[in-house]
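# Coordinate analysis (summary)
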Amino acid sequence: MPRTRRWLTNWGLVIIDALTLRVVFPILAVGVAVIASQKGWGLFNILALPLWLEITLAVVLLDLLIYAQHVLSHKVPLLWRLHKVHHVDRDIDVTTGARFHPLEILFSMVYKMLCVLLVGPAAAAVILFEVILNGSAMFNHANVRLPKKLDALLRSVIITPDMHRVHHSVIAGETDSNYGFFLSCWDRWFGTYVEEPRDGHDGMTIGLAVYQDNRPASLWWSLLLPFKPVRRSRVTGNE
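Bear in mind that the values here come from a model prediction, so they are computed numbers and not experimental data. (Residues numbered from 1 in each chain as written. Predicted model: local features only at pLDDT ≥ 70, side-chain atom pairs only at ≥ 80, totals over all residues. Heavy atoms only, no water.)

### Some details on the overall build of the protein
Which entries qualify depends on this criterion: A helix here means a DSSP run of H or I that spans at least four residues, while a strand means a run of E at least two residues long, and both kinds are numbered starting from the N terminus. Note that the radius of gyration is over C-alpha atoms, with the globule rule given as 2.2 Å times the number of residues to the power 0.38. Residue exposure (1.4 Å probe, protein chains only): buried if accessible area is under 20% of the type maximum, exposed if over 50%, otherwise partly exposed.
The helix and strand inventory of the protein stands at 13 helices and zero strands. When its helices and strands are written in sequence order, the protein yields α-α-α-α-α-α-α-α-α-α-α-α-α. A globule of 239 residues ought to have a C-alpha radius of gyration of about 18 Å, and the protein, at 18 Å, matches this closely. Projected onto the principal axes, the alpha-carbon positions of the protein cover approximately 55 × 45 × 30 Å. Sorting the 239 residues of the protein into buried and exposed places 51% on the buried side.

### So, the packing of aromatic side chains
For the record, the criterion: For Phe, Tyr and Trp, where Trp contributes only its six-membered ring, two rings pair if their centres lie within 6.5 Å, and the inter-plane angle classes them as stacked under 30 degrees, edge-to-face over 60, or tilted in between.
Applying the stated rule across the entire model yields five aromatic pairs. Relative to Phe190, the ring of Tyr67 has its centre 5.7 Å away and its plane inclined at 25 degrees; by these criteria the two rings are stacked. With a gap of 123 residues between them, Tyr67 in helix 4 (residues 51-75) and Phe190 in the loop between helix 11 (185-189) and helix 12 (200-203) connect regions that are remote in the sequence. Ring geometry for Trp186 and Trp189: centres 5.5 Å apart, planes at 85 degrees, overall edge-to-face.

### Brief notes about the packing of helix 4 against helix 6 (residues 102-119)
In helix packing, the relevant descriptors are the interaxial angle and the interaxial distance, both defined with respect to the helix axes. Note the cut-off: Angles run from 0 to 180 degrees between N-to-C directions of axes, and those axes are lines fitted to C-alpha atoms, restricted for helices to the stretch in contact. The hand of a helix crossing depends on one turn: near helix anticlockwise from the far one by less than a right angle means left-handed, and clockwise means right-handed. Residue contacts are counted whenever heavy atoms from the two residues lie within 4.5 Å of one another. Think of it as three bins: nonpolar holds Ala, Val, Leu, Ile, Met, Phe, Trp, Tyr, Cys and Pro, charged holds Asp, Glu, Lys and Arg, and polar takes everything else, Gly as well.
Their axes nearest at 11 Å, the elements helix 4 and helix 6 cross at an angle of 145 degrees. In this structure, the crossing between helix 4 and helix 6 has a hand that is right-handed. Across from Leu61, Leu62, Leu65, Ile66, Ala68, Gln69 and Ser73 in helix 4, the residues of helix 6 making contact are Glu104, Phe107, Ser108, Tyr111, Cys115 and Val119. Among the residues making up the contact of helix 4 with helix 6, the classes are represented as nine nonpolar, three polar and one charged.

### Things to note about the nonpolar core
Our working definition: Side-chain atoms within 4.5 Å link the members of a nonpolar core, which is a set of buried Ala, Val, Leu, Ile, Met, Phe, Trp, Tyr and Cys residues.
With 15 residues, the main nonpolar core has Leu62, Leu65, Ile66 and Phe129 as its most contacted residues. Mapped by element, the contributors of at least two residues to this core are helix 4, helix 6 and helix 7 (123-140). Take this core: its biggest share by element is six residues, from helix 4. The residues touching Phe129, leaving out its near neighbours within four places in the chain, are Val59, Leu62, Asp63 and Ile66.

### Comments concerning a nonpolar patch on the surface
Here is the rule we go by: Patches here: salt-bridge-free residues with over 30% relative accessible area, like charges joined within 9 Å, nonpolar side chains (Val, Leu, Ile, Met, Phe, Trp, Tyr) joined within 5 Å. Every accessible area reported is derived by Shrake-Rupley at a probe size of 1.4 Å, with residue values counting cover from the shown protein chains alone. Should a side-chain nitrogen of Lys or Arg be within 4 Å of a carboxyl oxygen of Asp or Glu, the pair is scored as a salt bridge.
Nonpolar side chains collect at one region of the surface, where Ile35, Trp41, Val110, Leu114 and Leu117 lie side by side and expose about 420 Å² of accessible area between them. Of all the elements, helix 6 adds the most residues to the nonpolar patch, at three residues. Tracing the backbone through its elements, the reader meets Ile35 in helix 2 (residues 29-39). The class for Ile35 is partly exposed, based on a relative accessible area of 33%.

### Remarks on the side chain of Thr95
As a reminder, the rule being used: Nitrogen and oxygen atoms within 3.5 Å of one another constitute a polar contact, given that in protein one can donate a hydrogen and the other can accept it, and given that sequence-neighbouring residues count only through two side-chain atoms.
If you trace the backbone, Thr95 turns up in the loop between helix 5 (77-87) and helix 6. Side-chain polar atoms of Thr95 contact the side chain of Asp93, separated by 2.5 Å. In this structure Thr95 touches Arg6, Trp7, Asn10 and Trp11, once residues within four positions along its chain are discounted.

### Here's the deal with the environment of Pro161
Of note, Pro161 is situated in helix 9 (residues 161-165). Separated by 45 residues in sequence, Pro161 and Val116 have C-alpha atoms that sit 28 Å apart. When near neighbours in sequence (up to four residues on either side) are disregarded, Pro161 contacts Phe139, Asn140, Ala142, Val144 and Leu146.

### Some words on the pattern of salt bridges
Counted according to the given criterion, the structure contains nine salt bridges. Taking the shortest distance from any N to any O, the salt bridge between Asp93 and Arg6 comes out at 2.9 Å. Remark: Arg6 occurs in helix 1 (residues 3-24) and Asp93 occurs in the loop between helix 5 and helix 6; sequence separation between them is 87 residues. Between Arg145 and Asp162 there is a salt bridge; the shortest N-O distance is 3.2 Å. A residue pair is termed long-range when its members are at least 10 positions apart, and Arg145 in the loop between helix 7 and helix 8 (148-155) and Asp162 in helix 9 qualify at 17 residues. Taking the relative accessible area as the measure of exposure, Arg145 reaches 47% and is therefore partly exposed.

### Regarding the side chain of Arg155
Within the secondary structure layout, Arg155 lies in helix 8. Owing to a relative accessible area of 5%, Arg155 belongs among the buried residues under this scheme. Within polar-contact distance, the side chain of Arg155 engages the side chain of Tyr193 at 2.9 Å. Residue contacts for Arg155: discarding those within four places in its chain leaves Thr160, Asp162, Met163, Ser184, Arg188, Tyr193, Glu195 and Glu196.

So, in structure tokens, the structure goes:
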């Protein structure tokens, strides 16, 4: 797949996503946290915890809720139609970490706002979590190979590029694994952890089996993908 065209498409989606959020949601998750604090809504606005403990627990809880959202994005057909725009990318690098359909970005923001209302974290916790979430997405999708010992040490706590790369395999059982963004414990605890791809990192195929061509590198095609008829691969079963 031509790298320049692919990068232009991925960054084009980033720009569209950013503009869409600003138009539809002038007040984002941090603003919701401030409102929740003023109204006394949410778990941490009821509990009287030291700020450092509240921020720590809030980041962990929000990470769990984002893990749950990711699982739902694969299991709910309507959400998968949107999320597969992320998965059809036939290569993986930091631009993949920002490649999402604008409608999925809108859904994600609504979900995140509801989570903030439920959890009631301090605004500082939301800011920290946003930094961690976006930084993790870039790191997890980076086209790098860490030394095995370092990778094993890191993935005992956080998601590494090798761990997340398995999630972008064309093999359905691997696509439906390693959903975490920041903490690796959720995949281990909920039985969605796959340590290595079946064909190895050098032999695995990235993307979705039915879109192994240059179409995912097109911005217009990617924007229209959720509205196209569903296609399934006879070999892998995924779409």
